[in-house]
Amino acid sequence: MTREAEALPTAASRGLALCRACHTLQPCPPGRHVRCPRCGARVSQRILHSLQKTWFFIITAALLLVPANLLPMMSVLEWGRGKSDTIMSGIIRLADEGYPGIALIVFMASVIVPIGKLAALTGLLLSVQQRWPMGARRRILLFRILEFLGRWSMLDIFVVAIMVALVHLGQVVAIQPGMGALMFGGSVVATLFASLSFDPRLIWDASIPDQGLH
């Protein structure tokens, strides 16, 4: 970061904070929170205990992701016979039944995107907390990757809807969700909270020597 950039006044230095809901700039004392006069959302200059909260949700999401991939996602009863599928067995089954495109979408949404989001957020946290000599631009790149992957958070819902629709096209009696679906849903929610708990200002704090992290 250049000296000119450090000398530029910031909203925080002038006692202002931006509402993350409606983007209203308003007065807010450091270390405290106020209510946005426009939308009523909670506003603060910093996300308090951002590192601790983000690590908690990352670990929770990672722990839930393990049984989500090992336990059955759903059980399909066809002509009185039931068959349970995990995420990977369901992907293989879709490919074998002539739906390679749907199988690829399920693989991306259920494996690549969740792991990618956790990996990007973990790398960003470690780079900030350990002050890796990688510069603000690389940290911003990681943050943008995280934001890009976050846009696909709702893809899992569409995947489940597509799979249910495909199953109903066959001779199916009933569909029963498994524990894997519950664990996977919990992992998605925990990853969402992890992204929301991370304070992007920490990227710039790590680029300034002797700047404390919160």
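**Q** For the side chain of Thr191, give the residues involved together with the corresponding values.
**A** Inspection of the secondary structure assignment puts Thr191 in helix α7 (residues 179–197). Discounting chain neighbours no more than four positions away, the residues touching Thr191 are Ala61, Lys117 and Leu118.

**Q** Quick rundown of the nonpolar core? Include the residues and the values.
**A** In terms of nonpolar packing, the biggest core is built from 26 residues, with Ile58, Ile87, Leu121, Phe184 and Phe198 touching the most fellow members. Of all the secondary structure elements, the ones that give two or more residues to this core are α2 (50–70), α3 (87–96), α4 (100–129), α5 (135–150), α7 and α8 (201–205). Here this core gets nine residues from one element, more than from any other, and that element is α4. Within the second largest apolar cluster, six residues are counted, among which are Ala17, Cys22, Cys28 and Cys36.

**Q** Outline the environment of Leu182, listing residues and values.
**A** Mapped onto the elements of the fold, Leu182 is located in helix α7. Its relative accessible area of 57% is what places Leu182 among the exposed residues. Residues Leu182 and Leu64, 118 residues apart in the sequence, show an inter-C-alpha distance of 9.2 Å.

**Q** So what's going on with the packing of aromatic side chains? Which residues, and what values?
**A** Per the counting criterion, the structure on display carries two aromatic pairs. Seen from their ring centres, Phe56 and Phe57 are 5.3 Å apart, and the 70° between their planes marks the pair as edge-to-face.

**Q** Before we move on, could you go through α4 and cite the residues and values that matter?
**A** With 30 residues, α4 extends 42 Å between its outermost C-alpha atoms, agreeing within 8% with the 44 Å of an ideal straight helix rising 1.5 Å per residue. In the structure, α4 departs most strongly from a straight axis at Met108, where the bend amounts to approximately 35°. In the segment just after α4, Arg131 is the residue with positive phi, at about 55°.

**Q** How would you sum up a nonpolar patch on the surface? Please name residues and give values.
**A** Together, Val66, Leu70, Leu71, Met179 and Leu182 make up a nonpolar patch on the protein surface, roughly 490 Å² of accessible area in all. Every element with two or more residues in the nonpolar patch is listed here: α2 and α7. By the element assignment, Leu70 lies in helix α2.

**Q** Any details on the packing of α3 against α4? Residues and values, ideally.
**A** Following both chains from N to C, one finds α3 and α4 inclined at 160°, their axes separated by 7 Å at the closest point. The angle between the axes of α3 and α4 places the two elements in the roughly antiparallel class. Seen from above, α3 lies across α4 with left-handed handedness. Where α3 approaches α4, its residues Ile87, Met88, Ile91, Leu94 and Ala95 are matched on the opposing element by Pro100, Ile102, Ala103, Val106, Phe107, Ser110 and Val111. For the contact of α3 with α4, the class distribution of residues is 11 nonpolar, one polar and no charged.

**Q** Pulling in residues and values, what's your account of the confidence of the model for the protein chain?
**A** Per-chain confidence: the protein chain averages 75 in pLDDT, with 71% of residues scoring 70 or above. Confidence, expressed as mean pLDDT per element, reaches its minimum in the protein chain at helix α1 (residues 3–7) with 47 and its maximum at α2 with 91.

**Q** Residues and numbers for the side chain of Asp199, please.
**A** Mapped onto the fold, Asp199 is located in the loop between α7 and α8. Excluding its chain neighbours within four sequence positions, the residues that come into contact with Asp199 are Arg46, Ile47 and Ser50.

**Q** Run through the packing of α2 against α7, naming residues and quoting values.
**A** Packed helix pairs are characterised by how far apart their axes lie and by the angle those axes make with each other. Contact geometry of α2 with α7 gives a least axis separation of 8 Å together with a crossing angle of 160°. Taken together, the axis directions place α2 and α7 in an arrangement best described as roughly antiparallel. When you trace α2 past α7, the crossing you get is left-handed. Of the residues in α7, those touching α2 at Ser50, Lys53, Thr54, Phe57, Ile58, Thr60, Ala61, Leu64, Leu65, Pro67 and Ala68 are Gly180, Met183, Phe184, Gly186, Ser187, Ala190, Thr191, Phe193, Ala194 and Ser197.

The rules behind the values
Residues numbered from 1 in each chain as written. Predicted model: local features only at pLDDT ≥ 70, side-chain atom pairs only at ≥ 80, totals over all residues. Heavy atoms only, no water. Helix = DSSP H or I, 4+ residues; strand = E, 2+ residues; numbered from the N terminus. Contact = heavy atoms within 4.5 Å. Core = buried A, V, L, I, M, F, W, Y, C linked by side-chain atoms within 4.5 Å. Buried < 20%, exposed > 50% of the residue type's maximum accessible area, 1.4 Å probe, protein only. Phe/Tyr/Trp six-rings, centres within 6.5 Å; stacked < 30°, edge-to-face > 60°. Expected span 1.5 Å × (residues − 1). Bend = angle between axes of the 7 residues up to and from the residue. Patch = residues over 30% accessible without salt bridge, like charges linked within 9 Å, V, L, I, M, F, W, Y side chains within 5 Å. Areas by Shrake-Rupley, 256 points an atom, 1.4 Å probe, with all protein chains shown as cover. Salt bridge = Lys/Arg side-chain N within 4 Å of Asp/Glu carboxyl O. Axes fitted to C-alpha atoms, helices over the stretch in contact; angles between N-to-C directions. Parallel < 35°, antiparallel > 145°, perpendicular 65-115°, else oblique. Left-handed = near helix turned anticlockwise from the far one by under 90°. Nonpolar A, V, L, I, M, F, W, Y, C, P; charged D, E, K, R; others polar. pLDDT = per-residue confidence, 0-100.

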